[in-house]
Amino acid sequence: MDKSTQTEIFFGPNHPGVPGNYGINYNFEGDTVTAAEANAGHLHRGFEKLMEERIWIKNTALVPRICVEEPDINEMVYAMGFEAIGEIEVPRRADYIRSIILELARIQGHIFSIGGNAAGIGQYTIMNWGTLTRDYILDIFEEITGARVYHIYIRPGGVRQDIEAETFAKILDLMNELENERFPDLEKTLFENPNAQKRWQGKAVITKEEAIEMGATGPVLRANGVPHDLRKMMPYAAYDDVEFEVPTGDNGDAWDRIKIARDDMLQSIKIIRQLINKIPDGPVQTDLGNGLKYRIPKGDAYVKIESKRGEYGYYMVSDGSLKPYRVHVRGASTPLGLYGVREYLPGTRIADVPVWAKSLGICPPEFDR
Amino acid sequence: MRNEKELLELINVHLDPPAAEIKRKQNVSVSIKQENLIQALSFLKSHSYQHLSTISCVDWLDEGEFELVYHLFSYDDYINISLKTRIKREPGVFQTAKEIWPVAEFYERDIHEFFGVEFKGNDNLEEMILENWQHLPPMRKDFDTRKFVNDNYEWRDYNGQKHTD
């Protein structure tokens, strides 16, 4: 490489084109990236260490903060890990409610990130629409949990409280509105827009072999025609009771991944309708005794669920005391944000770097945790 | 497609682990001696366990050991394997797995930064998250967060209220 023709540039950590407080340092020649390195560490809050110093129940208020875009998945894996080590059964109604919450969270996350992706190519209207549509779902969350973004609702043994029948009716109304009004608008303005197609088609390609080799999952893997989804492969909550398809693509590019996000939302609507139609009656929380004195036996568990960006896992270790001995977070975008940037970003044109970073769903707090 | 029992048989025959058990449905835990670990990883990778979720490290201070846990998954069997090994806390040196999974380089870098484990063969172990860190690696159990804060920072009074620890 001839150094005299190379320019080094700091993309982020404060840049509208990067997803969060995270930077990519890259070299370019002409307008093509020749080498890139992740620049993480601007966001470190020591979650894992902090968790070791708090009792089990207190961590339920901490874990959602790990990912702003998708807080609920953290509550879910944390609860699942606790239940796996303690061999605790969750009431069936709570399973259903958890799935409903997770699917609502998936829709809000996808619509938000489609907006973010659109902003990355200059389609700011879509970004505003995405934020607005997400807000309708946050309204529902507020009604169910009292909070808009961080719900602290799914907790070991079940969920915090039951959902009223009126709220279910509101959810169904909202699903109809999304399907019949919001999504067709999005289709016309974004997916049928030649500008968007040109900017996304054939860009940021990650092949099936590359994805499996580095451990990338979710839409990145599915964009290559493989329907690998943990909701099907290792069903948790109430996913074994519902029917849905796993959307896939053919080319492994940004365009396919964004179309998968759109199709995923339609599947989520389908799942929510089925769940609400056949939700069983019963309690929503197993009695685990005094919340300040939760104790589970010695043991460890690796639990994982399908977030909107793929496998999201926790490795949890208990030594039988009142606090977790160790919690290790495996974020969905960890391999992409660190290894993927160095290996697969070079060759991209400068204008496509935001397309690359956003369409791969990089969420810095997951590796900078 | 294997089920958990068939997988355990395969592991018991080829890897001869001291301990292997079915933890729960679709979850298998295997403990292995440290000298056999790298070979076990490549054996499992060639038997459809191609997905490395992550590498976890646990500090067992009382036993003077670090436990490294490699989480593998197979898209054929739909089974998760937690492959565990223990290394001595001092000097805390182990082999790299980046020849098998290049992405392991970054997981090891993270463990090196937060636990101080050295991975032989991985030449990219410089700081990634922390900056100019001069103290004990912070995720070790003998790193006391409160003491660190008291030694390095000053408590401030808030609205005329004195800070009480």
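Quick caveat: nothing in here was measured; it's all calculated off a predicted structure.

A. Representation of the overall build of chain B in the model. The helix and strand tally for chain B stands at four helices and seven strands. Taken over the C-alpha trace, chain B has a radius of gyration of 20 Å; the compact-globule value for 165 residues is 15 Å, which it surpasses by more than 25%. Reported as C-alpha extents along the three principal axes, the dimensions of chain B are approximately 65 × 35 × 30 Å. Relative to its 165 residues, chain B shows a buried fraction of 36%. Relative to all contacts within chain B whose residues are 6 or more apart in sequence, the contacts with residues 24 or more apart total 50%.

B. Broad picture of the overall build of chain A. Tallying secondary structure elements over chain A gives 13 helices and eight strands in all. When the 369 residues of chain A are sorted by exposure, 54% land in the buried category.

C. Structural context of the pairing of strand β7 (residues 310–318) of chain A. Residue and element names in this part refer to chain A. For β7, the tally of buried residues reaches nine of nine residues, placing the bulk of the element in the interior. Here strand β6 (residues 299–307) runs beside β7; their pairing, made up of nine bridges, is antiparallel. From the neighbouring strand, Ser307 faces β7, where its bridge partner is Gly310. The turn linking β6 back onto β7 is made up of two residues. Direction of pairing for β7 relative to strand β8 (residues 324–330): antiparallel, over a ladder of six bridges. Its bridge partner lying in β8, Tyr315 is registered against His328. Between the antiparallel neighbours β7 and β8 lie five residues, among them Gly320 with a positive phi of about 90 degrees.

D. Inspection of the nonpolar core at higher detail. Residue and element names in this part refer to chain A. One finds Val77 and Leu104 to be the most contacted residues of the largest nonpolar core, which totals 147 residues. At 13 residues, the largest contribution of residues to this core is made by helix α4 (residues 92–120). In this structure, Val77 is in contact with Val303, Lys304, Ile305, Tyr312, Gly313 and Tyr314, ignoring residues within four places of it in sequence.

E. Molecular detail of the interface of chain A and chain B. With 28 residues of chain A at the contact, the number on the chain B side is 27 residues. Elements with a minimum of two residues in the side of chain A that touches chain B: α1 (47–52), α8 (208–214), β6, β7, β8 and α12 (334–344) of chain A. Of the residues that constitute the side of chain A that touches chain B, the class distribution is 13 nonpolar, seven polar and eight charged.

F. Spotlight on the environment of Cys363(A). Residue and element names in this part refer to chain A. Along the chain, the position of Cys363 falls in the segment after α13 (353–359). Of the residues examined, Cys363 has 27 C-beta atoms within 10 Å and is grouped as buried. Each C-alpha atom of the pair Cys363 and Asn25 lies 17 Å from the other, and the pair is 338 residues apart in sequence.

G. Fine view of the domain arrangement of chain A. Residues and elements named next belong to chain A. Its domain assignment divides chain A into domain 1 (1–43 + 333–369) and domain 2 (67–295). Spacing between the C-alpha centres of domain 1 and domain 2 amounts to 27 Å. Domain 1 puts 19 residues into the contact, and the matching count from domain 2 is 21 residues. Taken together, the elements giving at least two residues each to the side of domain 1 that touches domain 2 come down to α12 and α13. A per-class count over the side of domain 1 that touches domain 2 returns eleven nonpolar, five polar and three charged.

H. Structural view of the sheet that holds strand β1 (residues 7–11) of chain A. All names here are of chain A. Taken together, the three strands give an open sheet; going across it, the order is β1-β2-β3, and neighbouring strands pair in antiparallel fashion. Whereas interior strands pair on both sides, the edge strands pair on one side only; in this sheet they are β1 and β3 (32–39). Put simply, the sheet's adjacent strands are angled 25 degrees from each other on average, direction ignored. The pairing of strand β2 (residues 23–29) with β3 spans seven bridges and is classified as antiparallel. What sits directly across from Phe28, in β3, is Val33.

I. Spatial organisation of the sheet that holds β6(A). All names here are of chain A. Ordered by their spatial adjacency, three strands build an open sheet running β6-β7-β8, and the pairing between neighbours is antiparallel. Since the sheet does not close on itself, it has two edges, and those belong to β6 and β8, each with one partner. For this sheet, the mean angle separating the axes of adjacent strands, direction not counted, is 15 degrees.

J. How the structure looks around helix α3 (residues 71–86) of chain A. Counted at 1.5 Å a residue, the expected span for α3(A) with its 16 residues is 22 Å, and the 23 Å between its end C-alpha atoms agrees. Immediately downstream of α3(A), the backbone of Glu87(A) shows phi near 50 degrees, a positive value.

Scoring rules and cut-offs
- Residues numbered from 1 in each chain as written.
- Chains lettered and ligands numbered in written order.
- Predicted model: local features only at pLDDT ≥ 70, side-chain atom pairs only at ≥ 80, totals over all residues.
- Helix = DSSP H or I, 4+ residues; strand = E, 2+ residues; numbered from the N terminus.
- Rg over C-alpha atoms; globule rule 2.2 N^0.38 Å.
- Buried ≥ 20, exposed ≤ 12 C-beta atoms within 10 Å, placed from the backbone.
- Contact = placed C-beta atoms within 7 Å.
- Pairing = 2+ DSSP bridges.
- Core = buried A, V, L, I, M, F, W, Y, C linked by C-beta atoms within 7 Å.
- Nonpolar A, V, L, I, M, F, W, Y, C, P; charged D, E, K, R; others polar.
- Domains from an automatic or database assignment.
- Axes fitted to C-alpha atoms, helices over the stretch in contact; angles between N-to-C directions.
- Expected span 1.5 Å × (residues − 1).

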